[in-house]
Amino acid sequence: MATETPLAGLHRALGAKFVDFAGVSLPVHFADGILREHLHVRRAAGLFDVSHMGQVAVRGGEVAAALESLSPADFAGLAAGRQRYALFTNDAGGIEDDFMAVNAGGHFYLVVNAARKEHDLAHMRGRIGGGCDIQYLAGRALLALQGPQSAAALAQLAESPAESPERLTFLSAGEFTLGGARCFVSRSGYCGEDGFEISLRAEDAEQFARRLLEDSRVRPAGLGARDSLRIEAGLCLYGSDMDAATNPVEAGLGFAVAKARRPGGARSGGFPGAAVIFDALARGAERARVGLLPAGRAPVRGGAELVDADGATAGVVTSGTFGASAGGPVAMGYVRAGLQAPGTALGAVVRGRTLPVTVAALPFTAHRYHRTTTN
Amino acid sequence: MSETRFTSDHEWARKENGTAVVGITDYAQEQLGELVFVELPAVGDAVTKGGEAAVVESVKAAGEVKSPLSGTVTEVNTALADDPGAVNSDAAGAGWIYKMQLSAPQEFDSLLDADAYNALVAAAG
């Protein structure tokens, strides 16, 4: 029996169609449907309920060092109020999960994948639980407001311009009172657009969501649009585009191996699988994650085999859908080394037929994050 | 005189003399969501009752269209290549998928009539 999120009642009132995802019943789409929801996010702002994600607070005297023992990210160098994308790696150099981490001052605030939260909690408690307190933030909802009008819509709920999340830049976070609710807000998301992720008490979530939806720029959006938006944005989904057997280098996530943690860095290594990952960084991976653009109108979905011009196996599609902004099917997958150059012609086997696809640069839709203008 | 009948897999067939028009039901299109692609059979294809004849794909999933009847495809709705959404907006009309010459017209009698199909959909919630 799937659990519900604090917004289940509101979703029903908004005409949601539900799907079970990682044991949680969530809207796959609302009355608008996936295509319109997708396009509305790119054009204005979409409100997603992502309360199924795992929210975790990690506390302790040496919390940054403890997290660095599990992940190749630079947590020691993460300033208070800043957020970072990170990976938990394993001894084989594979990815146990990907997550977002904020240095929240006194602690680190993590958002981990719904399907991996039990695993991640056990992993952290087992490895760093001696020196750190790992607190699962049950009783908190998580909403994502995504799209170019997000900042203006969210600012309307702020008590003053000085106290508005509009002042945040991409990958920064802070506490704000919005519509009367205390919220922990980061300027981040999973659509390739400007946007915010808002953590708040479950009991405050529905009223907060209703206030946002009163703004005509904001429409509810479901998991269907979230998936097609993130594929267009070239962003990985754990369990589809990477897993415990995927090296970060082949996944194109080498940026999550911080300079300080690489060979010659200030705190080189010291995370699971460092030697394997360093080897891949130095020698290149045997396969590479690439964008795939099908030539026709037929969607090419995860699981489809990729073949080269000779019909030999070239790799596999890991995610694919119809990209409403791209105006056609878009996909990503892994190809063997040597085939990753954009423009490489391949075939994808769909229902027994080989459809032409072309290797394409990711993302399909340019990212439009609200970055700082100075570096 | 034409009559429309249904399958428990949510296809419809409208029979006229020895031919039939085939599509998916309004309930089926609603379950799938907005269609982005329809894979049509080829004119001349032999189809059998219950066998896969076409594929309808929404953003989230692909669904197979099983032929409600046996026979030969005589015409396909090529307009769906550019406008698969016609199946969503008018599943029983402009969203038809193919026409066929029937090889076993008596199969039509085994399909569900409108009352039986509506009862099945109502039971599905």
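Conventions used here
Residues numbered from 1 in each chain as written. Chains lettered and ligands numbered in written order. Predicted model: local features only at pLDDT ≥ 70, side-chain atom pairs only at ≥ 80, totals over all residues. Heavy atoms only, no water. Salt bridge = Lys/Arg side-chain N within 4 Å of Asp/Glu carboxyl O. Helix = DSSP H or I, 4+ residues; strand = E, 2+ residues; numbered from the N terminus. Buried < 20%, exposed > 50% of the residue type's maximum accessible area, 1.4 Å probe, protein only. pLDDT = per-residue confidence, 0-100. Pairing = 2+ DSSP bridges. Contact = heavy atoms within 4.5 Å. Buried area = accessible area lost by both parts, 1.4 Å probe. Polar contact = N/O pair within 3.5 Å; in protein donor to acceptor, adjacent residues only side chain to side chain. Nonpolar A, V, L, I, M, F, W, Y, C, P; charged D, E, K, R; others polar. 1 Å grid on protein atoms, 1.4 Å probe; cavity = no way out; pocket = protein on both sides within 12 Å on 5 of 7 lines; lining within 4 Å. Points joined across faces, edges and corners; volume = space filled by probe spheres on them. Axes fitted to C-alpha atoms, helices over the stretch in contact; angles between N-to-C directions. Parallel < 35°, antiparallel > 145°, perpendicular 65-115°, else oblique. Left-handed = near helix turned anticlockwise from the far one by under 90°. Phe/Tyr/Trp six-rings, centres within 6.5 Å; stacked < 30°, edge-to-face > 60°. Lys NZ or Arg CZ within 6 Å of the ring centre and 35° of its normal.

### Some remarks on the pattern of salt bridges
Residues and elements named next belong to chain A.
At step 1: Going through the model one piece at a time under the given rule, you end up with 27 salt bridges over all chains.
At step 2: Across the salt bridge formed by Glu 175 and Arg 182, the nearest N and O atoms sit 3.4 Å from each other.
At step 3: We note a salt bridge from Arg 336 to Asp 308, for which the minimum N-O separation is 2.9 Å. In this pair, Arg 336 sits in strand β18 (residues 328-336) while Asp 308 sits in the loop between β16 (305-307) and β17 (313-323), placing the two residues 28 residues apart along the sequence.
At step 4: Since its relative accessible area comes to 36%, Arg 336 is described here as partly exposed.
At step 5: Residue classification places Asp 308 among the buried positions, given a relative accessible area of 12%.

### Quick word on the confidence of the model for chain B
At step 1: A residue-level look at chain B finds 99% of positions with pLDDT of 70 or above and a mean pLDDT of 96.
At step 2: Confidence metrics for the complex model read pTM 0.95 and ipTM 0.88.

### Quick word on the pairing of strand β15 (residues 287-294) of chain A
Residue and element names in this part refer to chain A.
At step 1: In terms of residue burial, β15 counts as a mostly covered element, since 6 of its 8 residues are buried.
At step 2: Bridge analysis of β15 against β18 gives 6 bridges, and the strand direction is antiparallel. Among the inter-strand pairings, Arg 287 is bridged to a residue of β18, identified as Arg 336.
At step 3: Of the strand pairs in this sheet, β15 and strand β20 (residues 353-360) are connected by 4 bridges, and their pairing is antiparallel. When the sheet's bridge partners are listed, Leu 293 is paired in β20 with Thr 358.

### Quick notes on the side chain of His107(A)
Residue and element names in this part refer to chain A.
At step 1: Along the chain, the position of His 107 falls in the loop between β7 (95-103) and β8 (108-112).
At step 2: For His 107, a relative accessible area of 19% gives the class buried.
At step 3: Ignoring any residue separated from it by four or fewer positions in sequence, one finds His 107 in contact with Ala 57, Val 58, Arg 59 and Val 102.

### Some remarks on the interface of chain B and chain A
At step 1: Taken together, the 14 residues of chain B in the interface contact 17 residues of chain A.
At step 2: Buried area between chain B and chain A, both sides added, is near 1,300 Å², and the carbon and sulfur share of it is 48%.
At step 3: On the surface where chain B and chain A come into contact, there are 4 salt bridges.
At step 4: Of the charged contacts in the structure, one is a salt bridge between Arg351(A) and Glu39(B), with a shortest N-O distance of 2.9 Å.
At step 5: The interface formed by chain B and chain A holds 11 residue pairs in polar contact (both at pLDDT 80 or more) in total.
At step 6: For the side of chain B that touches chain A, the secondary-structure elements that each account for two or more residues are α1 (26-32), β4 (35-39) and β6 (52-58) of chain B.
At step 7: Considering every element that reaches the side of chain B that touches chain A, the biggest residue donor is β6(B), with 4 residues.
At step 8: Tallied by class, residues from the side of chain B that touches chain A come to 6 nonpolar, 2 polar and 6 charged.

### Points about the layout of surface pockets
At step 1: Reported here for the second largest pocket is a volume of approximately 230 Å³.
At step 2: Around the second largest pocket, the lining residues are Lys17(A), His29(A), Phe30(A), Ala31(A), Asp32(A), Gly33(A), Arg36(A), Gln29(B), Glu30(B), Gly33(B), Glu34(B) and Asn88(B).
At step 3: Its residues placed into classes, the lining of the second largest pocket shows 2 nonpolar, 5 polar and 5 charged.

### Some details on the packing of helix α2 (residues 34-43) of chain A against helix α7 (residues 223-232) of chain A
Helix packing for two helices is described by the angle between their axes and how far apart those axes are.
Residues and elements named next belong to chain A.
At step 1: Running from amino to carboxyl end, α2 crosses α7 at an angle of 55°, the nearest separation of the two axes being 8 Å. Judged by the angle between their axes, α2 and α7 are oblique. In this structure, α2 meets α7 at a crossing whose hand is right-handed. From α2, Ile 34, Glu 37, His 38, Val 41 and Arg 42 reach across to α7, where they touch Gly 224, Ala 225, Ser 228, Leu 229 and Glu 232.
At step 2: Partitioning the contact of α2 with α7 into residue classes produces 4 nonpolar, 3 polar and 3 charged.

### Details of unusual backbone geometry
Both trends apply: most residues other than glycine have a negative phi, and most peptide bonds are in trans.
At step 1: Between Leu362(A) and Pro363(A) the backbone carries a cis peptide bond, its omega angle lying at -5°.
At step 2: Relative to the helices and strands, Pro363(A) is located in the segment after β20.
At step 3: A positive phi angle, close to 50°, is found at Ala22(A), a residue other than glycine.
At step 4: With respect to the helices and strands, the residue Ala22(A) is situated in the loop between β2 (17-21) and β3 (24-29).
At step 5: Notably, His10(B) is not glycine yet its phi reads approximately 75°, a positive angle.
At step 6: Positionally, His10(B) belongs in the loop between β1 (3-6) and β2 (11-16).
At step 7: Taking the relative accessible area as the measure of exposure, His10(B) reaches 17% and is therefore buried.

### Here we look at the packing of aromatic side chains
At step 1: The tally for this structure, following the rule as stated, stands at 8 aromatic pairs over all chains.
At step 2: Between Tyr109(A) and Phe184(A), the aromatic rings sit 5.0 Å apart at their centres with planes inclined by 65°, giving edge-to-face as the arrangement. Of this pair, Tyr109(A) sits in strand β8 while Phe184(A) sits in strand β12 (residues 181-186), and the two are 75 residues apart along the sequence.
At step 3: Taking relative accessible area as the criterion, Phe184(A) reaches 14% and is therefore assigned buried.
At step 4: Taking 4.0 Å as the distance between ring centres and 5° as the angle between the ring planes, the aromatic pair formed by Phe170(A) and Tyr369(A) counts as stacked. With a gap of 199 residues between them, Phe170(A) in the loop between α5 (150-155) and β11 (173-178) and Tyr369(A) in the segment after β20 connect regions that are remote in the sequence. An identical accessibility class is assigned to Phe170(A) and Tyr369(A); each is buried.
At step 5: Lying over the aromatic face of Tyr334(A), Arg287(A) brings its terminal NZ or CZ to 4.1 Å of the ring centre.
At step 6: Looking at Lys99(B), its charged tip hangs above the ring of Trp96(B), at a distance of 4.8 Å from the centre.

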